[in-house]
Amino acid sequence: MSKNERPQIKNEDQYEALRDQGYSKEKAARIANTPDNVAGKKGGKAPAYEEWTRDELYQKAREIGFSGISKLRKSELIEKLRSH
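Residues numbered from 1 in each chain as written. Predicted model: local features only at pLDDT ≥ 70, side-chain atom pairs only at ≥ 80, totals over all residues. Heavy atoms only, no water.

Caption draft 1: Spotlight on the side chain of lysine 27. Mapped onto the elements, lysine 27 comes out in helix H2 (residues 25–32). Among buried Asp, Glu, Lys and Arg side chains, lysine 27 stands out as unpaired, with glutamate 26 the closest opposite charge at 9.5 Å. Among the polar contacts listed, one links the side chain of lysine 27 to the backbone oxygen of histidine 84, at a separation of 3.2 Å. The residues touching lysine 27, leaving out its near neighbours within four places in the chain, are Arg82, Ser83 and His84. (Helix = DSSP H or I, 4+ residues; strand = E, 2+ residues; numbered from the N terminus. Buried < 20%, exposed > 50% of the residue type's maximum accessible area, 1.4 Å probe, protein only. Lys, Arg positive; Asp, Glu negative; His and termini not counted. Salt bridge = Lys/Arg side-chain N within 4 Å of Asp/Glu carboxyl O. Polar contact = N/O pair within 3.5 Å; in protein donor to acceptor, adjacent residues only side chain to side chain. Contact = heavy atoms within 4.5 Å.)

Following this line, the structure appears as structure tokens:
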């Protein structure tokens, strides 16, 4: 895939609006490609990040692939996970 190509975006207007708001390409594409019948529905039954231990947050961040997180505090891990 060349530099100027990107995976297919299903809702180009929404994608561009999200990019203009500062969303990453990955996150904007994920949101723009979400089917309308799924968008806005509440996710699973996992507790809020504030209820997780720091170690649980750290493991989740590692699963996602974040690096440089070993010295982050619980509140910093929560912020990083939410901004992903």
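Once you've had a look at it, read on.
Caption draft 2: Structural view of the packing of helix H3 (residues 54–64) against helix H4 (residues 74–82). Interhelical geometry of H3 versus H4 gives an angle of 35° and a closest axis separation of 9 Å. H3 and H4 meet at a crossing whose hand is left-handed. Counting all contacts with H3, which are made through Arg54, Leu57, Tyr58, Lys60, Ala61 and Ile64, the residues of H4 involved are Lys74, Leu77, Ile78 and Leu81. Of the residues assigned to the contact of H3 with H4, the class counts are seven nonpolar, no polar and three charged. (Axes fitted to C-alpha atoms, helices over the stretch in contact; angles between N-to-C directions. Left-handed = near helix turned anticlockwise from the far one by under 90°. Nonpolar A, V, L, I, M, F, W, Y, C, P; charged D, E, K, R; others polar.)

Caption draft 3: Expanded view of the pattern of salt bridges. Inspection of every chain in the model, using the stated rule, returns three salt bridges. The partner of arginine 30 in a salt bridge is glutamate 26, with the nearest N and O atoms 3.4 Å apart. Residue arginine 30 and its partner glutamate 26 are both found in helix H2; the two are separated by four residues, about one turn of the helix. Taking the shortest distance from any N to any O, the salt bridge between arginine 73 and glutamate 76 comes out at 3.5 Å.

Caption draft 4: How the structure looks around the packing of aromatic side chains. Counted under the stated rule, the structure contains one aromatic pair. Ring plane angle 85° and centroid distance 5.0 Å describe the contact between tyrosine 49 and tryptophan 52, whose orientation is recorded as edge-to-face. In this pair, the class of tyrosine 49 matches that of tryptophan 52, namely buried. Between lysine 80 and the ring centre of phenylalanine 66, over which it is positioned, the NZ or CZ distance is 5.0 Å. (Phe/Tyr/Trp six-rings, centres within 6.5 Å; stacked < 30°, edge-to-face > 60°. Lys NZ or Arg CZ within 6 Å of the ring centre and 35° of its normal.)

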